Amino acid sequence: MRASREQAFDLLSKWKSESKSVLVIFSDGDATAFMAGSIASLSKDSVEFEGLPHSGLSMLLSVVEEFDFSDIREQPVEVRMAHGRLVDELLLLKFSSGSQVRIHPLRSEDEPGD
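Heads up: these notes are all about the structure in this document. (Residues numbered from 1 in each chain as written. Predicted model: local features only at pLDDT ≥ 70, side-chain atom pairs only at ≥ 80, totals over all residues. Heavy atoms only, no water.)

## Here we look at the environment of A33
- Relative to the elements of secondary structure, A33 occurs in strand β3 (residues 32-42).
- Each C-alpha atom, one on A33 and one on V101, is 9.5 Å from the other, the two residues being 68 residues apart in sequence.
- Among residues more than four places away in sequence, those in contact with A33 are V24, I25 and F26. (Helix = DSSP H or I, 4+ residues; strand = E, 2+ residues; numbered from the N terminus. Contact = heavy atoms within 4.5 Å.)

## Let's talk about the side chain of S99
- Inspection of the secondary structure puts S99 in the loop between β7 (89-95) and β8 (100-106).
- We classify S99 as buried; its relative accessible area is 12%.
- Polar side-chain contacts of S99 include one of 3.2 Å to the side chain of S97.
- Not counting the four nearest positions on each side in its chain, S99 is found in contact with F26, S27, D28, L93 and K94. (Buried < 20%, exposed > 50% of the residue type's maximum accessible area, 1.4 Å probe, protein only. Polar contact = N/O pair within 3.5 Å; in protein donor to acceptor, adjacent residues only side chain to side chain.)

## Re unusual backbone geometry
- Positioned with a positive phi, S19 is a non-glycine residue whose angle comes to about 55°.
- Along the polypeptide, S19 turns up in the loop between α1 (5-17) and β2 (21-27).
- Owing to a relative accessible area of 61%, S19 belongs among the exposed residues under this scheme.

## Describing the environment of E89
- As for its position among the elements, E89 is in strand β7.
- Residue E89 is classed as buried on the basis of its relative accessible area of 14%.
- Each C-alpha atom, one on E89 and one on P105, is 6.5 Å from the other, the two residues being 16 residues apart in sequence.
- With residues up to four places along the chain from it excluded, the contact list for E89 reads W15, F69, S70, I72, R73, I103, H104 and P105.
- Among the polar contacts listed, one links the side chain of E89 to the side chain of W15, at a separation of 3.4 Å.

By themselves, these observations are geometric and do not establish any function.
Next comes the structure, spelled out in structure tokens:
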């Protein structure tokens, strides 16, 4: 589902206020990198992720060309199973270069799942 810049910001803000752990996956077609951590800071223009230990990622939201949101719980069973039991949502950021960043808030072990 296409999401507006404001909707994407609201999701990131919600996950930050809930201190959600997130899985961030960057892909440019030739390479993929990922990190687990949390949202350290967020503004209308940028988001910074803090990983463990001593790693991080910063990106400008203002250069994101398209935002997409998926609720994994509403997908077919095979899609839900492929994402595992700790992931329910996906925010996809698409850049004009073709690079993509996927942000998954991770469900804590005490949260109910499928």
